[in-house]
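# Examination of the molecular architecture
Residue strings, one per chain:
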Amino acid sequence: MASAEQVESVLDVLKFSGIRPFEFFLSLLTDQRFKNHTKTLKLLCHGQELVEALRKHPQSVAGGNLADWAGEITRDGYAREMCALSAEANSSHFNVSHTSVQQLEQFSIEDMARGMEEMAPMLWKFLGVLLSARVTSSHCDLDLDRDGDQRMGGGEGSDDANDKGYWRELGEGELEGLVFGDRQRSAQKKVIILSILMQSTNRKSNALQSVVGIFLQSMHTPQKVIETFARMGISVSINMVNTAI
């Protein structure tokens with residue numbers, strides 16, 4: 001970390017040269033002549049530290065400028081990924097009236113999950129954070145019961161003690177199976193959530209909804225149930241399903 005005297009000396013040089021500090025950094029980062037300059041590359045290596053320092057600056061936090069800027073970039077990234085997912089080129093469009101048995105047999109939630117994670121990594125990770133927020137976030141107090149009261153733990157008959165005993169009794173193979181199962185269920189939930197959002201973005205992006213609708217109809221599910229699922233965004237309407245029968 002540079003001393004205050006060193007920083008003041010650099011600021012004096014910039015002032016003498018008629019260059020404002022932010023102009024210096026912008027030129028260093030945007031001018032193609034400095035693209036591969038050693039100082040530019042070092043600056044990029046410490047980009048996270050710079051953003052964190054900006055975030056923690058009292059005036060930046062008070063004004064909300066950095067938070068708004070970061071939020072805008074994040075929202076734009078999510079929107080671009082969602083548009084890419086729901087585009088016809090992503091094979092997410094499903095023509096129910098021309099559905100073949102081969103299409104239904106080849107349909108795979110696992111394949112959809114891999115494709116979504118590859119094409120929309122930001123959204124995929126974001127959903128992972130939301131689905132595991134209770135585990136990963138310090139803002140969720142696991143020591144509070146449903147009424148918000150402090151839960152007494154540590155006793156022999158407490159939930160905490162029972163949980164610890166349960167994990168101790170599990171063998172390594174069983175534990176690995178549980179972890180894999182949790183990941184698989186999480187991936188399935190992500191596929192469902194993203195499929196709903198994709199159809200909301202592009203009505204023709206309905207691969208999951210089409211397969212679910214055809215499956216429900218084949219199982220003689222009541223029409224009201226199918227229509228309810230359609231309104232929830234996880235199935236196509238009963239009229240569309242009938243065109244495939």
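What comes next concerns the included structure. Just so it is clear, the model here is predicted, and its values are computed rather than measured. (Residues numbered from 1 in each chain as written. Predicted model: local features only at pLDDT ≥ 70, side-chain atom pairs only at ≥ 80, totals over all residues. Heavy atoms only, no water.)

### A short note on the overall build of the protein chain
The condition is simple: Secondary structure follows DSSP: runs of H or I at least 4 residues long count as helices, runs of E at least 2 residues long count as strands, and numbering of each begins at the N terminus. A simple rule labels every residue: compare its accessible area, found with a 1.4 Å probe on the protein chains alone, to the largest value its type can have, and call it buried under 20%, exposed over 50%, or partly exposed in between. Here, residues are in contact when the closest pair of their heavy atoms is within 4.5 Å. The protein chains shown are the only cover counted for residues, whose accessible areas, like all others here, come from Shrake-Rupley with a 1.4 Å probe.
Per the secondary structure count, the protein chain includes 15 helices and zero strands. Classification of the 245 residues of the protein chain by burial places 23% in the buried group. Taking as baseline every contact in the protein chain between residues at least 6 positions apart, the subset at least 24 positions apart corresponds to 56%. If you sum the accessible surface of the protein chain, you get close to 18,200 Å²; carbon and sulfur atoms cover 57% of it.

### Comments concerning a nonpolar patch on the surface
Under the convention used in this document: Patches here: salt-bridge-free residues with over 30% relative accessible area, like charges joined within 9 Å, nonpolar side chains (Val, Leu, Ile, Met, Phe, Trp, Tyr) joined within 5 Å. Here a salt bridge means any side-chain nitrogen of Lys or Arg lying within 4 Å of a carboxyl oxygen belonging to Asp or Glu.
Taken together, I19, F24 and F25 make up a surface patch of nonpolar side chains, about 240 Å² in accessible area. Note on placement: I19 falls in the loop between helix 1 (4-17) and helix 2 (21-30). The class of I19 is partly exposed, set by a relative accessible area of 32%.

### Topic: the pattern of salt bridges
Taken as a whole and assessed by the stated rule, the structure comprises four salt bridges. The residue E23 makes a salt bridge to R20 at a minimum N-O spacing of 2.8 Å.

### Focus on the nonpolar core
Under the convention used in this document: We define a nonpolar core as any set of buried Ala, Val, Leu, Ile, Met, Phe, Trp, Tyr and Cys residues linked to one another through side-chain atoms lying within 4.5 Å.
In this structure, L85, M116, L123, W124, V191, L194 and M198 are the most contacted members of the largest nonpolar core, which totals 14 residues. When contributions to this core are tallied by element, the ones reaching two or more residues are helix 6 (65-86), helix 8 (109-119), helix 9 (121-131) and helix 12 (172-201). Beyond its immediate sequence surroundings of up to four residues, W124 is in contact with A113, M116, E117, A187, K190, V191 and L194.

Everything listed here is a matter of coordinates, which is why it stays silent on function.
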